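Listed below are the residues making up each chain.
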Amino acid sequence: PPQVATAREQAIRSGASWLVFIAILSLVNVVATASGSDMSFALGLVLSQIIALLGTGIAEESGTPSIAWIAAAIGAVPALLFAGMWFLAKDGKAWVFVLAIALYALDLVALLGLLAMAGEMDVIGVGIHAWALWALWRGWSACKSPAASH
């Protein structure tokens with residue numbers, strides 16, 4: 001039925017849109033870090049943030065601000081990967097959702113590891129990562145529904 005296909009397509013698009021949110025907020029985090037700001041969004045990729053933080057630290061220690069921006073460019077690569085995955089995921093490519101779920105789950109594990117080492121807890125960051133993983137899972141599930149042809 002057309003209504004089922006519409007709901008399926010909406011679920012796929014909704015799941016895929018999380019890849020854009022993750023990518024954009026990761027890029028904002030990287031630029032903010034390279035600019036010397038302490039601001040960051042919980043939805044962003046931990047890997048991108050770590051790369052940017054390392055670059056900023058090296059830039060401060062060496063007195064070479066350009067290092068922070070070089071690290072920001074490197075930190076942008078994982079975010080751009082998520083943006084690239086969006087182009088395929090929005091068209092219902094189930095394997096892209098699987099890849100995104102695996103990568104973002106690893107990002108959550110990295111976040112939990114960092115929090116454990118620091119003896120802290122970021123309920124918002126962990127919760128948002130979990131919510132995004134659920135949304136990606138729903139997108140993947142929609143790809144695998146009977147109307148799926150990908």
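Since this is a predicted model, take the numbers as computed values, not measurements. (Residues numbered from 1 in each chain as written. Predicted model: local features only at pLDDT ≥ 70, side-chain atom pairs only at ≥ 80, totals over all residues. Heavy atoms only, no water.)

### Here we look at the confidence of the model for the chain
Caution is warranted with low-pLDDT regions, since their predicted coordinates should not be read in detail. Going by this rule: The pLDDT score gives, residue by residue, the confidence of the prediction method on a 0 to 100 scale. Labels follow the DSSP assignment, with helices taken as runs of H or I lasting at least four residues and strands as runs of E lasting at least two, numbered in each case from the N terminus.
Residues with a pLDDT of 70 or more make up 94% of the chain, whose mean pLDDT is 91. At the low end of the mean pLDDT range in the chain sits helix α1 (residues 2-34), at 89; at the high end sits helix α3 (residues 66-89), at 96.

### As for the packing of helix α2 (residues 46-62) against α3
We apply this condition: Between N-to-C directions, angles span 0 to 180 degrees; the directions come from axes that are lines fitted to C-alpha atoms, helices contributing only their stretch in contact. For this classification, under 35 degrees means roughly parallel, over 145 means roughly antiparallel, 65 to 115 means roughly perpendicular, and everything else is oblique. Two residues qualify as a contact provided that any one of their heavy atoms is within 4.5 Å of a heavy atom in the partner residue. For this scheme, ten residues count as nonpolar: Ala, Val, Leu, Ile, Met, Phe, Trp, Tyr, Cys and Pro. Four count as charged, namely Asp, Glu, Lys and Arg, and the remainder, Gly too, count as polar.
Remark: α2 packs on α3, axes separated minimally by 8 Å, with the N-to-C direction vectors making an angle of 175°. In this view, α2 runs roughly antiparallel relative to α3, as classed from their interaxial angle. Between α2, through Leu47, Ser48, Ile51, Gly55, Thr56, Ile58, Ala59 and Ser62, and α3, the contact on the second element is made entirely by Ile67, Ala68, Ala71, Ile74, Gly75, Pro78 and Ala79. Counted by class, the contact of α2 with α3 contains 10 nonpolar, five polar and no charged residues.

### Considerations on the side chain of Gln49
To keep it simple, the criterion reads: Buried residues are those whose accessible area, probed at 1.4 Å on protein chains only, stays under 20% of the maximum for their type, while exposed residues exceed 50% and partly exposed ones sit between those limits. In protein, a polar contact requires one atom able to donate a hydrogen and another able to accept it; more generally it is a pair of N or O atoms within 3.5 Å, and residues adjacent in sequence count only if both atoms are side-chain atoms.
Looking at the secondary structure, you find Gln49 in helix α2. The buried category is assigned to Gln49, whose relative accessible area is 16%. Engagement of the side chain of Gln49 in a polar contact is seen with the side chain of Thr33, the distance being 3.0 Å. With residues near it in sequence (within four places) discarded, Gln49 still touches Asn29, Val30, Thr33 and Ser40.

### Some remarks on the side chain of Thr56
You can see Thr56 is positioned in helix α2. Taking the relative accessible area as the measure of exposure, Thr56 reaches 11% and is therefore buried. Setting aside its immediate chain neighbours within four residues, Thr56 contacts Thr33, Ala34 and Ala68.

### Some details on the environment of Val109
Looking at where Val109 falls in the secondary structure, it is placed in helix α4 (residues 94-118). In this structure Val109 comes out as exposed when scored by relative accessible area, which is 54%. With 63 residues separating them along the chain, Val109 and Val46 place their C-alpha atoms 9.6 Å apart.

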